[in-house]
Amino acid sequence: MASGRGSRRTTESEATVQYVQLDGLVVLNIIKHCEEVGSELSQGVLLGLLIGNCLEITNCFPFPRNALDDPDFDEMQYQMEMMRHLRYVNIDHLHVGWYQSTFFGGFVSKALMDSQFQYQHSLDESVVLIYDPLKTTQGYLSVKAYRLTPQTMAIYETMDFSPENIKQTKMAFSKIFDEVPVVIKNSHLVNALCLEIEEIGPPTEKYSFLDLATSSVLEKNIKLLMDTVDELSQDSNKFHNHYRQVAKQNQAKQQYVQKRHQENAARTAKGEVALPEEDINKLFKPLLPPSRLDNLLLSGQIKSYCEQINQYSSQGLGKLFFAEGLQDKKQVGTI
Amino acid sequence: MATNVAVHVHPVVLFAIVDSFERRNEDARRVIGTLLGTVDKGVIEITNSFTVPHNESEDEVAVDMEFAKNMHDLHKKVNPTEAIVGWYATGNEITEHSVLIHEYYARECASSIHLTVDTTLKGAKMGVNAFSSSVMGVPGKTMGTMFTPLPLVINYWEPERTGVNAVTKGKFNPKRTVNMVSDLQRVSDASARIQEMLDHLILYVDEVLTGKTQPDPSMGRYLAELIGTVPQIPQDEFEEMLNANMKDLLMVVYLSNLTATQLALSEKISLL
């Protein structure tokens, strides 16, 4: 098994993970952890294995919240201990990814990219599961799996986000993440448990997501979108300013060179020693082009928000047509 | 010894128990583990669990207590409010070994619960039962422990309800898989279900009208209530509200698509 996994690692990363298969247990564990943590960001580790082109995630455990504040706490040690104990009871102890909670789809950040890059660097098939607790409370189970594309991995290795490099590698915000389809699968015994749960205490279907009051969620979504667009425009402004400065500097350089030539011509005409050609670069410091990383991240975030809004609006429209149908029936009834 | 406690268990615990049973060692016939949760006013809520390795043979039982303690510490780091409330075992019998194990757990918490999940599927059911132990017998002479069953209820958090609904959708699927669907799909699924329910009701009403079924006044009251919940709004007012809402949503969709197009355009330009 170990040698088999080693040989798979050398194949193209695009072909390795076609879809992610979750155990029902993993979904419930993630829901429980995020429910307990409440409105803060929660993270945890995914355990499982890779079989063919499918990444099976069979278990998970959460990261303590205060890990980020408490300096004494050793993340690695906690992880190692947890995995050792789980291995003892035959639970898969291979790290195949991590999960994070999000609100309204706002998860594209440098921290996330850093973590995912590290994971994918050590294990090519890692995924990050993004779980939205608010949407799930409303009634739509929202679990998505993402991986960094090979382009993103290449750029991250060099950490060079200058405009030239981005142009060279043809990097675009739409190519930051690859979404991997998620499937939930249960074993036979767990299936029997599902049927048993139905009998003991079924989760009564709460149709609260059929509520027509869509405005509050939509407002929040749009507000986040506006904020991100503002940030993006600020970042673009910085970029434009930089280019304007570079242009001005070039102009000033040219003027200086011209003046020098004129002076030298005048001096040689008079028979004096020509002034040395000074190093232009020392006089005019070269301006560093700003990193395009923020631009990429913000654009990716906007794209995610737009997708959210589209999804939400489409189901809102569906519900409105639904309500219309109900009203029509009623009209027919009163006749 | 409390006999008036109710036990609430969350489905995540049951899923974890079944999963650890599937991963048991070759020679083990059952698995045991610790239950974590909270106790509040006579209600014991079980929210988490972990397996504890143990060895059982004819005469003796050995439980890795250090493992249990370590795991409990690790779990406490994540959620300090969870305490040990009992232990679980798979299988449908309570053996003498269970009594010994229960004694150990009784030392850990005040009134420990013993949960059994019948993974052997005896009687074509996966019975889930909760017990508490009490001492019985003649004081001073032969004493024994009796396990009294407790009422068991499955409790759901809101998102857990959605989760279980989604996860159990695959129960009649031969591959036992569930695909993630879009929001709109879920709305259409829900409307299909409501339509089904309405069909049932219409069938019942028809049968009552034709005299096939006896009319039931309480059913009639429910039906009247149901019809009453559909709001009575004059046609044009409703049309106006509907159109206003629709226009809002369409505008939002238009704006978000505009933003997306603008980004795509800027991407193309920057790569020129």
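Within every chain, residues take consecutive numbers counted from 1 along the sequence as written. For naming, the first written chain is A and the first written ligand is 1, with later ones following in the order written. Predicted model: local features are reported for residues with pLDDT of at least 70 only, side-chain atom pairs are reported and counted for 80 or more only, and whole-chain, interface and lining totals are derived from all residues. Think of the side-chain values as coming from all heavy atoms in the structure, minus any hydrogens and water.

Moving on to the overall build of chain B. In this description a helix means any DSSP run of H or I spanning at least four residues, a strand means any run of E spanning at least two, and both kinds are numbered starting from the N terminus. If you tally the helices and strands in chain B, you get 7 helices and 11 strands. All radius of gyration figures rest on C-alpha atoms, and the globule criterion is 2.2 Å times the number of residues raised to 0.38. Computed over C-alpha atoms, the radius of gyration of chain B comes to 28 Å, more than 25% over the 19 Å expected from 2.2 N^0.38 for 272 residues, which places it beyond the range of a compact globule. When each of the 272 residues of chain B is scored for burial, the buried share is 41%. Counting contacts in chain B only where the partners sit at least 6 residues apart, residues at least 24 apart contribute 57% of the total. In these tables, accessible area is a Shrake-Rupley quantity obtained with a 1.4 Å probe, and a residue counts as shielded only by the protein chains included in the view. When the accessible area of chain B is evaluated, it comes to approximately 15500 Å², of which 58% is carbon and sulfur surface. Lys and Arg are tallied as positive, Asp and Glu as negative. Neither His nor the chain termini are counted. Note on charges: their place is set at NZ of Lys, CZ of Arg, CG of Asp or CD of Glu. Of the charged side chains in chain B, 23 are positive and 35 negative; the average position of the first set lies 3 Å away from that of the second. Think of it in three bands: with a 1.4 Å probe and only protein chains considered, a residue is buried below 20% of the maximum accessible area for its type, exposed above 50%, and partly exposed in between. Residue contacts are defined here by distance: any two heavy atoms, one from each residue, within 4.5 Å place the two residues in contact.

Turning our eyes to something else, we now look at the interface of chain B and chain A. Between chain B and chain A, the contact holds 87 residues from the first and 100 residues from the second. Defined in terms of a 1.4 Å probe, buried area is the accessible area two parts forfeit on being brought together, summed over both. Interface area, chain B with chain A, both sides summed: about 8500 Å², of which 68% is carbon and sulfur. As a salt-bridge pair, lysine 32 of chain A and glutamate 82 of chain B come within 3.2 Å of each other at their nearest N and O atoms. In protein, a polar contact requires one atom able to donate a hydrogen and another able to accept it; more generally it is a pair of N or O atoms within 3.5 Å, and residues adjacent in sequence count only if both atoms are side-chain atoms. In this structure, the connection of chain B to chain A is made through 9 residue pairs in polar contact (both at pLDDT 80 or more). Broken down by element, the residue count for the side of chain B that touches chain A peaks at 17 residues, all from helix α7 (residues 235–270) of chain B. Any carboxyl oxygen of Asp or Glu within 4 Å of a side-chain nitrogen of Lys or Arg constitutes a salt bridge here.

Quick look at the side chain of glutamine 21 of chain A now. The topology assignment puts glutamine 21 of chain A in strand β1 (residues 19–23). Filtering out sequence-adjacent residues up to four positions away, glutamine 21 of chain A remains in contact with Cys54, Leu55, Glu56, Ile57, Val183 and Lys185 of chain A.

Residue and element names in this part refer to chain B. For a helix, the expected span equals 1.5 Å multiplied by the residue count minus one. Between the first and last C-alpha of helix α1 (residues 11–22) there are 17 Å, a value that for 12 residues agrees with the 16 Å anticipated at 1.5 Å per step. Most of α1 is tucked away: 11 of the 12 residues are buried. When α1 is considered as a whole, its buried residues turn out to be Pro11, Val12, Val13, Leu14, Phe15, Ala16, Ile17, Val18, Asp19, Ser20 and Phe21.

Residue and element names in this part refer to chain B. Strand pairing is assigned whenever DSSP detects at least two bridges linking the two strands. The mixed open sheet is built from 8 strands, whose spatial order is β9-β8-β7-β6-β2-β3-β1-β10. Strands at the two margins of the open sheet, each flanked by one partner only, are β9 (143–150) and β10 (152–154). The mean angle between the axes of side-by-side strands here comes to 35 degrees, regardless of whether they run parallel or antiparallel. In this structure, strand β1 (residues 6–9) lies alongside β10, joined through 3 bridges in parallel fashion. Across the sheet, residue histidine 8 finds its bridge partner in β10, namely valine 153. Along the sheet face, helix α3 (residues 96–108) touches β2 (32–40), β3 (43–52), β6 (83–90), β7 (113–117), β8 (128–137) and β9 and points at about 170 degrees away from the line of β6. Axis definition: a line fitted to C-alpha atoms, over the contacting stretch in the case of helices. Angles run 0 to 180 degrees between N-to-C directions.

The next point concerns the packing of helix α3 (residues 24–37) of chain A against helix α4 (residues 158–167) of chain B. Running from amino to carboxyl end, α3 of chain A crosses α4 of chain B at an angle of 170 degrees, the nearest separation of the two axes being 10 Å. Taken as axis vectors, α3 of chain A and α4 of chain B run roughly antiparallel relative to one another. Contact with α3 of chain A, carried on its side by Gly24, Val27, Leu28, Ile31 and Glu35 of chain A, involves Pro159, Glu160, Gly163, Val164 and Val167 of chain B of α4 of chain B and no other residues of that element. Of the residues that constitute the contact of α3 of chain A with α4 of chain B, the class distribution is 6 nonpolar, 2 polar and 2 charged. Roughly parallel means an angle under 35 degrees; roughly antiparallel, over 145; roughly perpendicular, 65 to 115; everything else is oblique. We call Asp, Glu, Lys and Arg charged. Ala, Val, Leu, Ile, Met, Phe, Trp, Tyr, Cys and Pro are nonpolar, and the rest, Gly among them, are polar.

The subject of this paragraph is the nonpolar core. Nonpolar cores were defined as sets of buried Ala, Val, Leu, Ile, Met, Phe, Trp, Tyr and Cys residues, with membership established by side-chain atoms within 4.5 Å. Formed by 70 residues in total, the largest nonpolar core has its most connected members in Phe61 and Phe177 of chain A. The residues touching phenylalanine 177 of chain A, leaving out its near neighbours within four places in the chain, are Phe107, Val108, Leu112, Met113, Tyr146, Arg147, Leu148 and Thr149 of chain A. The next biggest cluster of nonpolar side chains, apart from the first, holds 63 residues, and it includes Ile57, Leu189 and Val190 of chain A together with Leu35 of chain B.

One can find lysine 125 of chain B in the loop between β7 and β8. Those residues within four positions of lysine 125 of chain B in sequence are excluded, and the remaining contacts are Glu196 and Glu199 of chain A together with Asp118 of chain B.

Here the focus is the pattern of salt bridges. Tallying each qualifying case throughout the model produces 9 salt bridges over all chains. Linking lysine 303 of chain A and glutamate 307 of chain A is a salt bridge whose minimum nitrogen-to-oxygen distance equals 3.9 Å. One end of the pair, lysine 303 of chain A, and the other, glutamate 307 of chain A, are both in helix α12 (residues 293–334), 4 residues apart, so they sit about a helical turn from each other. According to the relative accessible area criterion, lysine 303 of chain A is partly exposed, its value standing at 32%. Judged by relative accessible area, which is 40%, glutamate 307 of chain A ranks as partly exposed. Between arginine 161 of chain B and glutamate 158 of chain B there is a salt bridge, and its shortest N-O distance comes to 3.6 Å. You can see arginine 161 of chain B and its partner glutamate 158 of chain B sitting in helix α4, 3 residues apart, about one turn around the helix. With a relative accessible area of 29%, glutamate 158 of chain B lands in the partly exposed category. Via salt bridges that share partners, Lys32 and Glu36 of chain A together with Glu82 of chain B belong to a single interconnected network.

Right, let's get into the sheet that holds strand β4 (residues 95–101) of chain A. Read from one edge to the other, the open sheet built from 9 strands follows the order β7(A)-β6(A)-β5(A)-β4(A)-β2(A)-β3(A)-β1(A)-β8(A)-β11(B), with strand pairing classed as mixed. Looking along the sheet, the strands with just one partner apiece sit at the ends: β7 (177–180) of chain A together with β11 (177–179) of chain B. The average undirected angle you get between the axes of adjacent strands in this sheet is 35 degrees. Here β1 of chain A pairs with strand β3 (residues 54–62) of chain A via 4 bridges, running parallel.

Here we come to the pairing of β1 of chain B. In the case of a regular strand, side chains alternate between the two sheet surfaces. In this sheet, β3 of chain B lies alongside β1 of chain B in parallel orientation, the contact comprising 4 bridges. Opposite alanine 6 of chain B, over in β3 of chain B, you have valine 43 of chain B as the bridge partner.

Our next topic: a nonpolar patch on the surface. Residue and element names in this part refer to chain B. Patches draw on residues past 30% relative accessible area with no salt bridge. Two like charges within 9 Å are joined, as are two nonpolar side chains (Val, Leu, Ile, Met, Phe, Trp, Tyr) within 5 Å. A cluster of nonpolar residues, Met251, Tyr254, Leu255 and Leu258, forms a patch on the protein surface that exposes about 420 Å² of accessible area. Take methionine 251: it is sitting in helix α7. For methionine 251, a relative accessible area of 48% translates into the label partly exposed.

Moving on, we get to a negative patch on the surface. Residue and element names in this part refer to chain B. On the surface, Glu58, Asp59, Glu60 and Glu96 cluster together into a negatively charged patch. Note that glutamate 58 resides in the loop between β4 (54–56) and β5 (61–63). Overall, glutamate 58 belongs to the exposed group, its relative accessible area being 73%.

Let's shift gears to the packing of α3 of chain A against α1 of chain B. Contact pair α3 of chain A / α1 of chain B: the axes reach a minimum separation of 9 Å and the direction vectors enclose 140 degrees. The two elements α3 of chain A and α1 of chain B cross, and the hand of that crossing is left-handed. Only Pro11, Val12, Phe15, Ala16 and Asp19 of chain B of α1 of chain B make contact with α3 of chain A, whose side of the interface consists of Gly24, Leu25, Leu28, Asn29 and Lys32 of chain A. A breakdown of the residues in the contact of α3 of chain A with α1 of chain B according to their chemical character gives 6 nonpolar, 2 polar and 2 charged. If you view the pair so one helix is near and one far, a crossing is left-handed when the near helix is turned anticlockwise from the far one by less than a right angle, and right-handed when it is turned clockwise.

Shape descriptors only; they carry no functional weight alone.
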